[in-house]
Amino acid sequence: MEIVQVLAYGLLLGGVYALLASGVTLIFGVLDVVNVAQGAFLVFSALFTWQIWNMFGFEPLLLIPVNGALMFIIGWGIYRGMVMRVAPQGPGMTVLLMFGVALTLEGILNLVFGNKFKSVTPPYFTESLTVGELVLPLPQLISGICAALVLGLMYAYLRLSWAGRALRASAQNRDGAALVGISHTKTSAFAFGIGAATAGVGGVLLAIMYPIFPATQYDWIARLLGIVVLGGFGSIPGAVIGSMILGITEAFANTYVPQWS
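The shown structure was predicted, so the numbers you read here are calculated from the model rather than taken from an experiment.

### A word on the overall build of the chain
Moving on, step 1. A tally of regular secondary structure across the chain gives 10 helices and two strands.
Moving on, step 2. Element order for the chain, N to C, with α for helix and β for strand: α-α-α-α-β-β-α-α-α-α-α-α.
Moving on, step 3. Against the 2.2 N^0.38 benchmark of 18 Å for 261 residues, the chain shows a C-alpha radius of gyration of 18 Å, consistent with a compact globule.
Moving on, step 4. Along the first, second and third principal axes, the C-alpha set of the chain runs to 60 × 40 × 35 Å.

### Side note on the nonpolar core
Moving on, step 1. Counting residues in each nonpolar core, the largest one holds 75 residues, and the members touching the most others are Leu31, Phe41, Val83, Met98 and Phe192.
Moving on, step 2. Here the element with the most residues in this core is helix H1 (residues 2–31); it accounts for 14 residues.
Moving on, step 3. Setting aside residues no more than four positions away along its own chain, Leu31 makes contact with Tyr79, Val83, Arg174, Ser188, Ala191 and Phe192.

### Points about helix H4 (residues 91–113)
Moving on, step 1. In this model H4 runs 32 Å from its N-terminal to its C-terminal C-alpha over 23 residues, within 8% of the 33 Å that 1.5 Å per residue would give.
Moving on, step 2. Considered for burial, the residues of H4 that qualify are Thr94, Leu97, Met98, Val101, Ala102, Leu105, Glu106, Leu109 and Phe113.
Moving on, step 3. Looking at the buried residues of H4, the elements they touch are helix H2 (38–56), helix H3 (64–86), helix H8 (184–209) and helix H9 (217–231).
Moving on, step 4. Just past H4, the residue Gly114 takes up positive phi, approximately 80°.

### Let's talk about the environment of Ile208
Moving on, step 1. Topologically, Ile208 is positioned in helix H8.
Moving on, step 2. Ile208 sits 83 residues away from Phe125 along the chain, and the two C-alpha atoms are 7.0 Å apart.
Moving on, step 3. With residues near it in sequence (within four places) discarded, Ile208 still touches Pro60, Leu61, Val120, Pro122, Tyr124, Phe125, Pro139 and Ser143.

### Regarding the packing of H2 against H8
Moving on, step 1. Put simply, H2 and H8 touch, their axes get as near as 7 Å, and they point 50° apart. Compared by their axis directions, H2 and H8 come out oblique. Crossing geometry of H2 relative to H8 is assigned as right-handed. Together, Gln38, Phe41, Leu42, Ser45, Ala46 and Thr49 of H2 and Phe192, Gly195, Ala196, Thr198, Ala199, Gly200, Gly202, Gly203, Val204, Leu206 and Ala207 of H8 make up the contact between the two elements.
Moving on, step 2. Residues of the contact of H2 with H8, tallied by class, amount to nine nonpolar, eight polar and no charged.

### Observations regarding the packing of aromatic side chains
Moving on, step 1. By the definition in use, this model includes 10 aromatic pairs.
Moving on, step 2. With centroids separated by 6.3 Å and ring planes inclined at 75°, the aromatic side chains of Trp50 and Phe113 adopt a geometry described as edge-to-face. Residue Trp50 is located in helix H2, and its partner Phe113 is located in helix H4; the two are separated by 63 residues in the primary sequence. For the residue pair Trp50 and Phe113, the accessibility class agrees, reading buried in each case.
Moving on, step 3. In textbook terms, an aromatic cluster arises when at least three aromatic residues are bridged by ring pairs, as seen for Tyr17, Tyr210 and Trp220.
Moving on, step 4. Stacked on the ring of Trp220, the Lys or Arg Arg223 has its end atom at 4.7 Å from the ring centre.

How each quantity is defined
- Residues numbered from 1 in each chain as written.
- Predicted model: local features only at pLDDT ≥ 70, side-chain atom pairs only at ≥ 80, totals over all residues.
- Heavy atoms only, no water.
- Helix = DSSP H or I, 4+ residues; strand = E, 2+ residues; numbered from the N terminus.
- Rg over C-alpha atoms; globule rule 2.2 N^0.38 Å.
- Core = buried A, V, L, I, M, F, W, Y, C linked by side-chain atoms within 4.5 Å.
- Buried < 20%, exposed > 50% of the residue type's maximum accessible area, 1.4 Å probe, protein only.
- Contact = heavy atoms within 4.5 Å.
- Expected span 1.5 Å × (residues − 1).
- Axes fitted to C-alpha atoms, helices over the stretch in contact; angles between N-to-C directions.
- Parallel < 35°, antiparallel > 145°, perpendicular 65-115°, else oblique.
- Left-handed = near helix turned anticlockwise from the far one by under 90°.
- Nonpolar A, V, L, I, M, F, W, Y, C, P; charged D, E, K, R; others polar.
- Phe/Tyr/Trp six-rings, centres within 6.5 Å; stacked < 30°, edge-to-face > 60°.
- Lys NZ or Arg CZ within 6 Å of the ring centre and 35° of its normal.

Note that every value here comes from positions in space, so none of it alone points to a role or purpose.
What follows is the structure, encoded as structure tokens:
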């Protein structure tokens, strides 16, 4: 039964990882840009969630659409203001640019929030749902369900909507998409905004699962890059598979060989 318990926890963790990694792999698939600032975006969203919760006592999950929209705007602005100008110089320059964005954002967060752990602790933070002999921590369960819903909506949007088809067309054949009137600049800005929006949503979920401080962005971008390399850059299904592998492996390592976790 312990193995089933650990497996269930790993699947919930993998679901959250899948949402976080989907933004990185989407941006790469459309723009050929490795967004190493995604971890900083996550931490920004998590600390913003903590600030609103600490000041007003709002239910943090209500901030999911707010943070998603906010990070979409920020991501769109970063692409139009910086990435678009640097991208023609090659992928190396875009990596350096996004690394600079990550360091700048971390510095700002240090100034505003201090280099201390912040935790969002709603009433269900320490509660669990018991199903038979299976015990599921509510923060991880809620986060896993929310991640699955958001990821499913995003996948459906990319598959069924005209804008989603335009994104996929631009990712598969930039010149061919341009011939039928699809602007690569507009689709790239949109893709970067969606990728940043996943960090906005994911930041809310991280805030109710883990303590956060600015430098934890390095831990998260390391995880996300590992996932997208494992699943294949540009592949959202691959990112989901890679996330599940990492989440389950991490859960088993934490339980049985913690020195490897």
